[in-house]
Structures are given as C-alpha cells and as structure tokens.
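Here is what each chain is made of, one letter per residue.
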Amino acid sequence: QVQLVESGGGLVQAGSSLRLSCAASGRTFSNYFMGWFRQAPGKEREFVAAISGGGLSTDYADSVKGRSTISRDNAKNTVYLQMNSLKPEDTALYYCAASQARYWNPDGSPRGRDLYKYWGQGTQVTVPS
C-alpha cells in the first residue's frame, strides 16, 4: 500500500508561481513512476506531468509545457511540481499519483489514469481571473 499526501496549493495571482509537493510512504519510492493530474469543476481529471522512477524521463501536457517542471527526490520520497506563470485556467484540484512500474512503456505514454494505482487527496490551486 502507498500513501500520498499533496501540499503546496493555494490562492495566487495570475503570473505567480507555486511548488506542489507530494510525500509518499509505503514502499520503495524509486520503483515507480509518478504523475500529477488536475481536475477543474465540471471537467474530467486530466494529465499534467509525469516522471520516471529514477527521474531521468519526464512528460508534460501541452497546457503546462514550458511553464512547469516535475522533479523528485527519492531520498525524501517526494515528488514536486513547480508551476510558473500561472493562469486562471490552471485553477483545479491537483492530484499526485503513483504507478506500479519504474518506467512507462517506451512505445506508450504515462498519461493514462489507468496506469496509476495510488492517488492522493489533492491540493487546490486557485488563480483568479
């Protein structure tokens, strides 16, 4: 069993930055790739970013690419999402998720929700327009 706890969300002005954190416990953290997803009111939960177990491979949704950086510290069992130049459309509940593999399929993508077995409770990010 893996427990995930997100933190770092808040109410910020457009153009600001936030760093979200996700602390994991329960098993060897570096053995699984991690993802961030978000869900805005009335919308489907969508992929934001993912990082492989060793941290060498990453993937980003087009909506955040160039403005966000996913990273991890395996010694601290923590994954981060640095978000810059925040926009009102970034307003959502942000979830951290853990897979059951170190890497995603090289011919595939880490973006599917069904690739992740464990989910946190989410942290709210609000960027007023």
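To be clear, the structure that these remarks concern was listed above.
Residues numbered from 1 in each chain as written. Predicted model: local features only at pLDDT ≥ 70, side-chain atom pairs only at ≥ 80, totals over all residues. Heavy atoms only, no water.

J.: Can you help me understand the environment of G42 in this one?
T.: With respect to the secondary-structure elements, G42 resides in the loop between β4 (34-39) and β5 (46-51). In sequence terms G42 and S63 are 21 residues apart; their C-alpha atoms lie 18 Å from each other. (Helix = DSSP H or I, 4+ residues; strand = E, 2+ residues; numbered from the N terminus.)

J.: Before we go on, may I ask you to explain the packing of aromatic side chains in this structure?
T.: To describe a pair of aromatic rings, you give the distance between the ring centres and the angle between the ring planes. Applying the stated criterion across every chain yields a total of 7 aromatic pairs. Each ring, one from Y116 and one from W119, has its centre 6.2 Å from the other, and the planes form 65°; the classification is edge-to-face. For Y116, a relative accessible area of 5% corresponds to the buried category. Ring-pair connections join several aromatic residues into one group, and the members of that group are F33, F37, F47, W104, Y116 and W119. For R45, the ring lying beneath its charged end belongs to Y95, and the centroid distance is 3.7 Å. The cationic tip of R45 hangs over the ring face of W119; the distance from NZ or CZ to the ring centre is 5.0 Å. (Phe/Tyr/Trp six-rings, centres within 6.5 Å; stacked < 30°, edge-to-face > 60°. Buried < 20%, exposed > 50% of the residue type's maximum accessible area, 1.4 Å probe, protein only. Lys NZ or Arg CZ within 6 Å of the ring centre and 35° of its normal.)

J.: In this structure, what is going on with the nonpolar core? I would like to understand it.
T.: One recurring pattern in soluble globular proteins: nonpolar side chains tend to sit buried together. Formed by 37 residues in total, the largest nonpolar core has its most connected members in L4, M34, W36, I70, V79, L81 and Y94. Contributions of two or more residues to this core are made by β3 (18-25), β4, β5, β8 (78-83), β9 (92-99) and β10 (116-119). Not counting residues within four places of it along the chain, the set of residues in contact with L4 comprises C22, A23, A24, M34, C96, A97, A98, Y118, W119, G120 and Q121. (Core = buried A, V, L, I, M, F, W, Y, C linked by side-chain atoms within 4.5 Å. Contact = heavy atoms within 4.5 Å.)

J.: What's the story with the state of the cysteines in this structure? I'm lost.
T.: Should the sulfur atoms of two cysteines be covalently bonded, the bond is a disulfide. Taken as a whole, this structure holds 1 disulfide when the rule is applied. The disulfide bridge from C22 ends at C96, spanning 2.1 Å between sulfur atoms. Here the disulfide of C22 and C96 is left-handed, its torsion about the S-S bond being about -75°. Taken as a pair, C22 in strand β3 and C96 in strand β9 lie far apart in primary sequence, 74 residues in all. The same class applies to C22 and to C96, which are both buried. (Disulfide = S-S within 2.5 Å.)

J.: Hey, could you run me through unusual backbone geometry in this one?
T.: A negative phi angle is the norm for most residues apart from glycine, just as the trans form is the norm for most peptide bonds. Notably, N77 is not glycine yet its phi reads approximately 55°, a positive angle. On the secondary structure map, N77 appears in the loop between β7 (68-73) and β8. Looking at N77, the relative accessible area reads 24%, which means it is partly exposed. Even without a glycine there, the phi angle at S85 is positive, about 50°. Relative to the helices and strands, S85 is located in the loop between β8 and β9. Exposure remark for S85: the relative accessible area of 41% places this residue in the partly exposed category.

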